[in-house]
Amino acid sequence: MIQVTIDGKGYEYPENCSYYEIAKDFEKTMDAPIVLVKVDGRLRELHKQLKKNCELEFVTTKDEIGHKTYQRSLSLLLVKAVYHVGGYDKIRHVMLHFSAGSGFFYTVDGDITLNQAFLDEVKAYMHEQVEKAVPIYKRSVDTHEARERFRLHGMTDKDRLFRYRRVSRVNLYSLGDFEDYYYGFMTYDTSYLKYFDLYLYDDGFVLQMPEKKAPETVPATVSVVVCAMWLLSLAIVRQLLWRSGGAGCQRARKCRKWACGASVPEAGASCLSGHGF
């Protein structure tokens with residue numbers, strides 16, 4: 001048996017027990033869902049397994065890193081849903097442009113009509129996946145295989161992006177038959193992703209999510225006002241960059257390309273609007 005210390009108390013668990021199983025024993029004592037753990041101070045996803053004696057600390061959606069994990073995982077589910085509803089042969093890009101309040105603003109490039117009926121189908125499919133508690137798996141692959149997977153899913157922008165990636169291996173997250181590249185941690189499965197809403201706005205839509213202080217409450221559409229302010233400021237910045245010419249303008253255009261699926265090309269990178277994972 002492995003000795004595990006939690007909040008100063010000792011517990012015993014079998015070797016290779018997943019952190020998910022341990023978290024389930026303590027979920028009723030927490031005021032928010034446990035999405036990650038810290039093992040001797042190092043962050044771990046819940047599918048990882050217990051290997052040695054350690055001190056364990058739970059990370060919930062009320063914690064900063066836990067809140068971002070929820071947002072990132074919900075983004076993965078959203079992108080899968082858009083491709084599923086729209087069709088892999090019709091969707092070219094699902095593009096995350098920036099955060100707006102507690103929501104993310106997306107556009108879809110493809111041979112589809114982005115209207116309320118389309119969003120309703122996407123939302124219904126997302127809730128269906130939440131009810132099924134579909135596992136989110138991570139695997140490390142070489143860059144060549146990652147590019148092959150992106151081409152298989154029609155993600156030609158990701159394929160082009162990874163052509164210039166220097167590292168030899170990347171982490172791919174899979175949700176059912178859908179795979180994508182994300183920088184950061186994910187929830188154990190889709191059952192954690194219950195709280196969200198979708199709103200049409202401008203030429204795209206907003207994925208509205210809970211705030212960190214209230215992880216089980218989706219705010220009202222007031223955040224769309226924030227979105228409007230972001231759109232206005234982003235348009236002004238782009239216009240200024242266009243007038244000035246040079247590398248800044250190129251970066252502004254690249255921002256729209258590699259924002260697809262809430263991914264960023266390297267650690268710490270962010271798009272023009274300052275959003276990054």
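Residues numbered from 1 in each chain as written. Predicted model: local features only at pLDDT ≥ 70, side-chain atom pairs only at ≥ 80, totals over all residues. Heavy atoms only, no water.

A. Structural detail: empty space enclosed by the protein. Following the criterion strictly, the structure yields 2 cavities of 30 Å³ or more and no others. Its volume calculated, the second largest cavity comes out at about 40 Å³. Lining the second largest cavity, in full, are Glu45, His47, Ile136, Lys138, Tyr173, Met186, Thr187 and Tyr188. For the lining of the second largest cavity, a count of residues per class yields 4 nonpolar, 2 polar and 2 charged. (1 Å grid on protein atoms, 1.4 Å probe; cavity = no way out; pocket = protein on both sides within 12 Å on 5 of 7 lines; lining within 4 Å. Points joined across faces, edges and corners; volume = space filled by probe spheres on them. Nonpolar A, V, L, I, M, F, W, Y, C, P; charged D, E, K, R; others polar.)

B. Structural detail: the environment of Tyr83. Secondary-structure assignment places Tyr83 in helix α2 (residues 64–86). On the basis of relative accessible area, Tyr83 is assigned to the buried category, the value being 0%. Along the sequence, Tyr83 and Val122 sit 39 residues apart, while their C-alpha atoms lie 9.1 Å from each other. (Helix = DSSP H or I, 4+ residues; strand = E, 2+ residues; numbered from the N terminus. Buried < 20%, exposed > 50% of the residue type's maximum accessible area, 1.4 Å probe, protein only.)

C. Structural detail: the layout of surface pockets. Its boundaries defined by the atoms lining it, the second largest pocket holds a volume of some 350 Å³. For the second largest pocket, the lining is made up of 19 residues, of which Glu27, Pro33, Ile34, Tyr192 and Lys194 are closest to its centre. Counting residues per element, the lining of the second largest pocket draws most heavily on helix α1 (residues 19–26), which supplies 3 residues. When its residues are assigned to classes, the lining of the second largest pocket shows 11 nonpolar, 2 polar and 6 charged.

D. A look at the confidence of the model for the protein chain. Confidence in the prediction of the protein chain, expressed as mean pLDDT, is 80, and 71% of residues score 70 or more. Contacts of residues 246–277 to residues separated by more than four positions or lying in other chains number 73 contacts, the stretch itself having pLDDT below 50. (pLDDT = per-residue confidence, 0-100. Contact = heavy atoms within 4.5 Å.)

E. The side chain of Lys80, seen in detail. Relative to the elements of secondary structure, Lys80 occurs in helix α2. Look at Lys80 and you get buried, because its relative accessible area is 4%. In this structure Lys80 touches Tyr125, Gln129, Leu175, Asp177 and Phe178, once residues within four positions along its chain are discounted.

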